[in-house]
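Take a look at the letters that make up each chain.
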Amino acid sequence: MKFKTSSGIKSIVGKDLITDRYVAIFELVKNSYDARATEVIVSFNTSNDSAEGIGSLDDGKIYIVDNGVGMSKDDLDNKWLRLAYSDKQEGSLEEEDADKNSFREIKNRVLVGSKGIGRFSSDSLGSVITIRTKVNYENIEHQLTVNWDDFDRDLKTLFEDVSVEYKESSQLSRSNIDSYTIIEISNLRNSWTEEQLDGVTEKLRRLKNPFIEDDDLDIYCGVNIFILNQKYNLNKSNLIYSNIANVLKEKSINITASINRSNEGEYKTTIALHDRGNLVYIVEKSDDSILTHVDEIEISVNYLTTSAKSTFTRRMGIQPVNYGNIFVYRNGFHVSPYGEEHYDIFGLNLRKNQGYSRYLATRELIGFISIKDSKNLFKETSSRSNGFIENGYFKTLEEFYMDFIQRPLERYVQLINWGEIKKSGKEVHLEDVDIKDNEKNNFKKYISRDNFKVLSFNSELDFEKNKPEKIIERISESINNPKPDKNKLDDDTKTLSKQIRDLKKENTETGKKAVKTERKADLLEAQNKNLVEKRDGVSYGEQITHHFTILAENLDYALDDLLDIKNNIQESDKEKFLSAIEGIRSTKLEMEVFRYLLLGTNFDLKAPDIINWYEITDWYLNKGGRRTYYDNFKSSCNIVANEGNEWLIDSSHTDLVMMIENFYRNAFEHGASFIDFTYYENHIEITSDSELIDESLVGTIFELGFSTKKNGTGIGLSQVRSFLLDNDFQVTAKNTNNLVCFTISK
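Residues numbered from 1 in each chain as written. Predicted model: local features only at pLDDT ≥ 70, side-chain atom pairs only at ≥ 80, totals over all residues. Heavy atoms only, no water.

## Some points on the overall build of the protein
To keep things clear, this is the line we draw: Only runs of H or I of at least four residues qualify as helices and only runs of E of at least two qualify as strands under DSSP, and these elements are numbered from the N terminus. Categorising residues by exposure relies on relative accessible area from a 1.4 Å probe, with only protein chains included: less than 20% of the type maximum marks a residue as buried, more than 50% marks it as exposed, and the intermediate range marks it as partly exposed. Only heavy atoms enter the contact rule, under which two residues are in contact if any of them lie within 4.5 Å. The Shrake-Rupley method, run with a 1.4 Å probe sphere, supplies the accessible areas, and residue values consider only the shown protein chains as cover.
Helix and strand counts for the protein stand at 18 helices and 22 strands. Across the 746 residues of the protein, 49% fall into the buried class. Summarising the internal contacts of the protein: among those between residues at least 6 apart in sequence, 72% fall at separations of at least 24. A total accessible area of about 37500 Å² is found for the protein, and carbon and sulfur atoms account for 46% of it.

Given below as structure tokens:
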């Protein structure tokens, strides 16, 4: 028997998955980029150029036109029409394209698509797509027309049985161009207002990194800027262009970081801070974190001074707070929704509420994180609008950003605004503050922590002049001076006034926080009082009597087994001996798990129940289910399944948590710095950067008594396999991309 695919799969990977009209357009533009295009046209065509935009569903068309390598008939038949097929793997096209002389090499370009479903995004824009395409070694145009609604008429129809229309034409739609692809989307599913059309332009302005100048893709966008089978001249006004770097230059406080391979072949991290064009410091160190698995990471963040905000608004025509904040680009393209106006990737606004004048929020920052990632280690969610799966790489990036970008920038801003670091915040490390030293030397020590070497430091910095008491002294001297310097007096007065305003705001926030703390205390008291009642009639006494009695009996039986064989262990008894040890170790772990499940949850632990494995794993790893965590060891849980209901399993809470705990401890004990649990629709992947498994041992690591670590018992993974087999699952292990990956599947 074989799987059969309903025609309804089209909607699942198309309009139901990509619901944002802007993201749908981005996916098609990214396909042009992967086709090695240097020019892409996004044209909204309408028979009437009215103020209402394209108008109704029946009279508008959208064109995505590029000068990429194009597609042959074979490409259309065996690649474009094959669901989930992509010839884009790890940053390069298949060699067969080079053989056909259709491969166009562009320096430093890394392919951005790999799932083979981006083409289906057109379904969310319109019901009919027509593709006209030409490759440079043919003199004909291939035309393919797909009516997406044909797939929805009868879901009993197989996906591959729905016909699409193909024909060839000797009349070319673009002259004097060796290769091209024209995508025409008609029967639009939604109307487009003038505001939404402007929104496409603005979002395309952020699609490619607007902070850098060396862009190799020109994107044009507008109404009726491409007319099929007509000559046209692209208007420069329709070219999407934005170089924020020049706008912010010498106006903001800028901190940059790069993680890449040096000329000597060693990975280095270099961080620099400039204050309105003047260098403050440069630090550097050798890097061996997991971020070095990625090809390259560049970070640039600007703290917007009042002057920078004013300049940005005047030259960009939009206030920076409405433009965005910290954008993330992977292989040159924006990862949605990072950087968008209301999205806070690292929780900076929450920190701001905890310390108004100590911390910086998204409204004060603008910048980017650029990741060159040919190995697809930073994985995007399937919907393409929910950012990255928060695996170990993402969490390490977050820690790096907070430790070496956000906090140093906040310290510096505090120093220039107040002349000192406010030491009331828990994130300020007091151990690097020498009360005998001045603020400048303390700051220099701070930036050289964690093995960073100071390559350059501005020795002329004078932070202490901005201390409030120093400002008051200068104001007093100016008042008593017969000929005061009015400019200096005005500057000092403005600085002091700003400090007073900030103090007032912080006092207000502190008052609000105190009220919230009091309310939280009342809530905790009420929860504590009603804890037993919230267990739906299952009392502590019932559970303790039931479960601990069984656990004690299990331990007793296991000990009896050991006493029987301890003085005379024969070869034939080794399996029995290991089994007895496994019983004790399993019971010990079960008692630990049971204790904190009993204390920390309202689960009924007496019997199996239908539970959501993903939710339990997420709670245990990310939301405080595990009471203690190993230092410098990160864990995460993500889901990329359609609904998550696939992981409703009739099983035991305790046994599931024991499995998670075994994987967690196993990774840490084998030298890992992170472990990721990712739930897919029909399998689970547990990935870590632990010591790789010897290929000859991959098939034996689940056997009872087998261990790859010194003094190991060889019991943990055996318990994992037993639990999974009891629930009709299989588990396998392999090494991939220098990571250890366990796969759980039916």
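## Observations regarding the nonpolar core
To keep things clear, this is the line we draw: In these notes, a set of buried Ala, Val, Leu, Ile, Met, Phe, Trp, Tyr and Cys residues joined through side-chain atoms within 4.5 Å is what counts as a nonpolar core.
With 52 residues, the main nonpolar core has Tyr 281, Ile 369, Tyr 401 and Leu 409 as its most contacted residues. Only strand E8 (253-261), strand E9 (267-275), strand E10 (278-286), strand E11 (296-303), strand E12 (326-330), strand E14 (365-372), helix H10 (392-418) and helix H11 (439-447) provide two or more residues apiece to this core. Sorting elements by how many residues they give to this core places H10 first, with 13 residues. Beyond its immediate stretch of four places on either side in the chain, Tyr 281 contacts Ile 255, Ile 271, Ala 272, Leu 273, Pro 408, Phe 443, Ile 447, Ser 456 and Phe 457. Grouped together as the second largest cluster of nonpolar side chains are 45 residues, Ile 18, Tyr 33, Ile 64 and Ile 131 included.

## Looking at the sheet that holds strand E5 (residues 165-169)
Here is the rule we go by: Between any two strands, at least two bridges found by DSSP are needed for them to pair. The axes are straight lines fitted to the C-alpha atoms, using for helices just the contacting stretch, and the angles between their N-to-C directions are given from 0 to 180°.
Taken in spatial order, the seven strands of this open sheet run E5-E4-E3-E6-E2-E1-E7, and their pairing is mixed. Strand pairing shows two members of the sheet lacking a second neighbour, E5 and strand E7 (218-223), which therefore form its edges. Neighbour-to-neighbour, the strand axes of this sheet turn through a mean angle of 15°, independent of strand direction. Inspection of the sheet shows strand E4 (residues 141-147) paired to E5 by five bridges, in the antiparallel sense. Across the sheet, His 142 pairs through a bridge with Glu 168, a residue of E5. Across the sheet, helix H3 (residues 73-80) touches strand E3 (126-134), E4 and E5, and the angle it forms with E4 is around 30°.

## Section: the sheet that holds strand E17 (residues 634-639)
Pairing is mixed in the open sheet, where five strands are placed in the order E17-E19-E20-E22-E21. Looking at strand neighbours, the two that pair on one side only are E17 and strand E21 (730-736), the edges of this open sheet. Neighbour to neighbour, the strand axes of the sheet diverge by 15° on average, direction disregarded. Bridging between E21 and strand E22 (residues 739-745) involves seven bridges; their strand directions are antiparallel.

## Re the pairing of E4
Across the seven residues of E4, five count as buried, placing the element largely inside the fold. Relative to E4, E3 runs antiparallel, the two sharing six bridges. What sits directly across from Arg 132, in E4, is Gln 143. If you look at the hairpin formed by E3 and E4, you'll find six residues sitting between the two strands.

## Quick look at the packing of aromatic side chains
We count it as follows: Aromatic contacts are taken between Phe, Tyr and Trp rings whose centres are within 6.5 Å, Trp giving its six-membered ring; a plane angle under 30 degrees counts as stacked, one over 60 as edge-to-face, and the others as tilted.
One pass over the structure, following the stated rule, counts 39 aromatic pairs. Ring geometry for Phe 633 and Phe 668: centres 5.5 Å apart, planes at 70°, overall edge-to-face. Taken as a pair, Phe 633 in the loop between helix H16 (613-622) and E17 and Phe 668 in helix H17 (residues 653-669) lie far apart in primary sequence, 35 residues in all. The exposure class assigned to Phe 633 is buried, which follows from its relative accessible area of 6%. Classification of Phe 668 as partly exposed rests on a relative accessible area of 32%. Where Phe 663 meets Phe 742, the ring centres are 5.2 Å apart and the plane angle is 55°; that geometry is what we call tilted. Of this pair, Phe 663 sits in helix H17 while Phe 742 is found in strand E22, placing the two residues 79 residues apart along the sequence. Aromatic rings pair up to connect Tyr 338, Tyr 343, Phe 378, Phe 388, Tyr 393, Phe 394 and Phe 674 into one cluster.

## So, the pattern of salt bridges
Spelled out, the test is: Salt-bridge detection follows one rule: a side-chain nitrogen of Lys or Arg within 4 Å of a carboxyl oxygen of Asp or Glu.
In total, this model carries 18 salt bridges according to the counting rule given. Here Glu 27 and Lys 30 are joined by a salt bridge, their closest N and O atoms 3.4 Å apart. Of the two residues, Glu 27 and Lys 30 are both situated in helix H2 (residues 21-34); the distance of three residues between them amounts to about one turn of the helix. The shortest N-O distance in the salt bridge between Arg 407 and Asp 403 comes to 2.5 Å. Residue Arg 407 and its partner Asp 403 are both found in helix H10; the two are separated by four residues, about one turn of the helix. Ionic contacts of the salt-bridge type, sharing partners, join the residues Lys 61, Arg 132 and Glu 184 into one network.

## Considering the environment of Lys 15
Mapped onto the elements of the fold, Lys 15 is located in the loop between helix H1 (9-13) and H2. You can call Lys 15 partly exposed: its relative accessible area is 26%. Sequence separation between Lys 15 and Trp 148 is 133 residues; the distance between their C-alpha atoms is 9.9 Å.

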